[in-house]
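# Structural description and commentary
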Amino acid sequence: MRKLRTIVAAATACVLGLAAAGCGSGSSSSSTASGSTITYWASNQGTSLDNDKEVLTPLLDEFTKQTGVKVNLEVIGWNDLQTRIQTAITSGQGPDVLNIGNTWGVSLQATGGLMEFGDSEMKAIGGSDRFVQAALETGGAPGTTPTSVPLYGLAYGLYYNKAMFQQAGLTPPASWEEMVDDAKKLTNPATGVYGMTLAAGSYTENAHFAFINAAQNGAELFDSSGKPTFTQDGVVNGVSRYLDLMQTDKVVNPSDAQFTDGSKSIAAFANKKAAMIINQNNANATLISNGMSEDEWGVVPLPAPQNAASQVASHVAGINIAIMKSTKNKDAALQFVKFMTSQSTQEALGKPFSSLPVLKDAKATFTTNAEELKTFTDIYNNRSKPLPLVPNEDQFESTVGKAMNNMFASIATGSNLTPDQVRNQLNTAQTSITS
Amino acid sequence: MRETTGERAFRIIVLVVLSVFILVPLWVMVTSSLKPLQDVQGTFSWIPKRITVEPFVSMWTTVPLAHYFVNSIIVCTVATALSVTVALFAAFAVSRYRFHGRSVFTTTVLSTQMFPGVLFLLPLFIIFVNIHDATGVALVGTRLGLIITYLTFSLPFSIWMLAGYFDGIPRDLDEAAMVDGCRPFGILFRILVPSARPGIIAVAIYSFMTAWGEVLFASVMTTDANRTLAVGLQLYSTQVNVYWNQIMAASLVVSVPIVLVFLALQRNFVSGLTAGAIK
Amino acid sequence: MSSQSIKGGNATSAARHRRSRRRGWWWFPYLIVLPAVILEIAIHIIPMLTGIWMSFVKLTKFYIRRWNEAPFAGLSNYRLVLNVDTAQGQAFAHSFLITCAYTVLVVSFSWILGMAAAVALQKTFRGRGIWRTLFLVPYALPMYAGVITWNFMFQRDTGAINHLLVDQLHLYSDRPFWLLGSRAFVSVVVVAIWKMWPFAFLMLMAGLQSIPSDVYEASAIDGASPWRQWRSITLPMLSPVNVVLFLVMFLWVFNDFNTPFVLFGRATPPAGDLISFHIYNASFLNWDFGLGAAMSVLLLAFLLVVTLVYLVILRNRRDLYA
């Protein structure tokens, strides 16, 4: 039956004259893939774009040796990635295979620009049942055919500087309140040292924390019909709690409002300008490249407030891999996705990209620190909640994230925001979501 | 003519204030490019405490600057050459012939100068994509697409200025050449082009600088393969460290050639403007 | 700027010329103007018309891939951005007003500085060439190189500006932010003036060169002060330059995308939300190209109206004096 559908589809495509090349590679024999070239857009996972290239190139050579398919690699920074994906989707031109932030999974699915991983495609890449369930679910809206599959798993953790904690006679915090108290004790603006550092100018980071803090309050960002609910108390209080780290607790350097991406706050932590940072586990590689050694930091789950409704400590973060619908090398692309999500590639990339495995049976290997591995694995498996799987998720990130950028900016420049003002800003974000 | 004290004071104040305004950023650019990374990450100092040329070495590997350099040079040179050629022909027609649609042409071309770039950025992108689908000529992510786009950016100004320049060249020369048996192209290349040299140089400089500094279209239409300096330079700040010393070094290196060429030819530029634009 | 002013007084000689040309060459001007026409149509006119069409459809992310199937939206995009009760309308109005203030400040300061420099360098003196060269450097500098340098100078902790104002002059007790909050407006204006005034200087200097020096000599004999000379000779003689200069600067500055884009990057402080930058972000961050196109069309309409009014006023004034 499935075979029949494939044949009919292929025949229709040929009759309609949808590109002569599509006809050849549309068939399911893998021999046509050999000799073709595919373009792959990788997201920046390592310490720099160059570093990513260095890490991936030997693996891609290996893939070429196995399959005869050449891979053109381009590594794209996070600032550009969304725009680049968007223009590729608009044009139907661009890569054959690409990485996407998994929180964009449903939004990008809704554009119709990504190829669906139906049963036959899933089979071609080795089956869907080998992926961690929560990660797999980010590939598409519930009840639909996913358009991306998990590639790297990530989770937020609270990194703390062991020496600074020891000096102050502190132990890692188990609640939000403890975290703030510890941070206050570690803050000394005169020496430029603060208890915490945040990427307060990064809209994606800010949006993630809006979600996590709201989730700890038991609040949802979208109701069951997909309408945004950013102005309910749980969300407003969650956002305020996060903003207060800079505003009332004053444990964050106001300069952090200028940090437009996470690497700036990682650098501040590595340079011992801050005692704590909430970051995804891929911070490891960057911290080391900034001169920190692995035994200098410890990681605990981001603690929730004492009376929290939920102990959520992260969203199900990570990177998915997808195939463009417009690809003319579908077989080669599928082979490549299979290769990238294979056990051996995952193991090879786990360490340099500091990622958690997205395969069920795999073990995390990104650090030799057993305790840290256990902490992150536990956060990822037990204390992560997926961001809303709705098409407008990307608009939540951009509108709420930017509103928080602006709120951090006003706090840094001396304003004091009341909860009502926060609610107002979130209301503006909510109404500017166009459906 | 004698100069009064007031005039002298005015001149000195103006020159000093404006020089400081101009020189401060240039000073920051040059000195910071010679500082080690540590020194640009701490509090600023006007005089470098330590001097190193390391930023000028490592800037080529932090981002593939040389590749972007080549792209920019190819794109800008070809776009300039084509733009000047197309503008020469159009200006020749506008200046020496009365033809149907002439005033519609000049008004329309000039008014395209006011189109906001954001209005036609995405449509142009979609059109390029459709051209690719229809003909197989790749325009997005290639130098060709950028060349075509950039050459039209300076075209209106170039036509307008060259037409003005040609108008200032006496027609008697054309007539004399025609009597000698010159065809129209002969008039253009033997009479007008040589006499309009400053104007042509001015237009070429303008076109080149427009293309060299373009950011908006480059930010959408470039991929790794055809990325120009305008976008490439911003990649330094997306690295883990903000390599301010390398950013300043790279800014300096991409600026020096064009600034030198401009300053060397500035007399042509000024006289080109005088004859062309200001009449 | 109309064809008349380009042609100047050459119409009669051109007519003579045309008559003398061989009849067989009538197609020649069309041929040589063709490349320019094709390029203008392909790269400017058609995309502009497409942009206008886009403003009437609902071109959100769900339709971007099949943009030709996007549902007709009528005037709803326009209604949304023109209604100041909506979040989008408020942001658009805010951005428009910011841009107006930005344009007025940048154009007028650039003109004042450019004029001051041109007048200061009008008379020959030793070293004049050096100053003139120096003043042109910001114009010759690739725009992003200059703006990136300013971005570095405006950094709160590592920048030159705060070092000067806080560490050396002690004007502030706390280090101010220049790229966040309300000061971002000051920063973007300063950078734009730095970049723009050398162009005004260049044009005005070129204009001054065409004023014969005997006019000044005559008035100096009459005992006119330098200020009076400037008022009664320089300014009127430069008015053709000024007409062009103000219009060109207005169009450039109002459409300015590069300065905020390079200065602020992804951090978009509301105080620096210039209109082109605003539209770009609305289109590419919120994935709503219909809305972005509607804003672009409104921007174009505004520029068109201002330009036309400007030209009409000028023409009337000229007729009055003629």
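Just so you know, these numbers come straight off a predicted model, no measurement behind them.

Analysis parameters
- Residues numbered from 1 in each chain as written.
- Chains lettered and ligands numbered in written order.
- Predicted model: local features only at pLDDT ≥ 70, side-chain atom pairs only at ≥ 80, totals over all residues.
- Buried ≥ 20, exposed ≤ 12 C-beta atoms within 10 Å, placed from the backbone.
- Helix = DSSP H or I, 4+ residues; strand = E, 2+ residues; numbered from the N terminus.
- Pairing = 2+ DSSP bridges.
- Axes fitted to C-alpha atoms, helices over the stretch in contact; angles between N-to-C directions.
- Contact = placed C-beta atoms within 7 Å.
- Nonpolar A, V, L, I, M, F, W, Y, C, P; charged D, E, K, R; others polar.

### Some details on the pairing of strand E7 (residues 274-280) of chain A
All names here are of chain A. For E7, a buried count of seven out of seven residues is recorded, marking the element as mostly surrounded by other parts of the structure. As paired strands, strand E5 (residues 156-161) and E7 are joined by five bridges and run antiparallel to one another. Pairing of Tyr156 across the sheet is with Gln280, part of E7. In terms of strand pairing, strand E6 (residues 194-197) meets E7 through three bridges, oriented parallel. Directly across from Met196, in E7, lies its bridge partner Met276.

### A closer look at the sheet that holds E6(A)
Residue and element names in this part refer to chain A. Read from one edge to the other, the open sheet built from four strands follows the order E6-E7-E5-E8, with strand pairing classed as mixed. If you trace the sheet from one side to the other, it starts and ends with E6 and strand E8 (297-300), each paired once. On average, each strand axis in the sheet is tilted by 25 degrees relative to the strand beside it, whichever way the strands run. Running over the sheet, helix H12 (residues 262-270) touches E5, E6 and E7 and is turned about 145 degrees from E7.

### So, the interface of chain B and chain C
On the chain C side, the residues contacting the 90 residues of chain B number 94 residues. With 15 residues, the top contributor of residues to the side of chain B that touches chain C is helix H1 (residues 5-32) of chain B. Here the residues of the side of chain B that touches chain C are counted per class, giving 59 nonpolar, 21 polar and 10 charged.

### Some thoughts on the environment of A:Asp261
Within the secondary structure, A:Asp261 sits in the loop between helix H11 (233-247) and H12. Once the C-alpha coordinates of A:Asp261 and A:Trp78 are considered, the two residues, 183 residues apart in sequence, prove to be 8.5 Å apart.

### A few points about the sheet that holds strand E10 (residues 317-323) of chain A
Residue and element names in this part refer to chain A. The strand order across the open sheet formed by five strands is E2-E1-E3-E10-E4, and the pairing between neighbours is mixed. Of all the strands in the sheet, the pair left with one neighbour each is strand E2 (70-76) and strand E4 (148-154). In this sheet, neighbouring strand axes are inclined to one another by 25 degrees on average, regardless of whether the strands run parallel or antiparallel. Pairing of strand E3 (residues 97-101) with E10, which is carried by five bridges, proceeds in the antiparallel orientation. Bridged to Ile100 within E10 is Asn320.

### So, the interface of chain B and chain A
The partner chain A presents 16 residues to the 13 residues of chain B that form the contact. In terms of residue count, the dominant contributor to the side of chain B that touches chain A is helix H6 (residues 117-135) of chain B (four residues). Looking at the side of chain B that touches chain A residue by residue, the classes come out as seven nonpolar, five polar and one charged.

The quantities given are spatial measurements derived from coordinates; they are silent on function.
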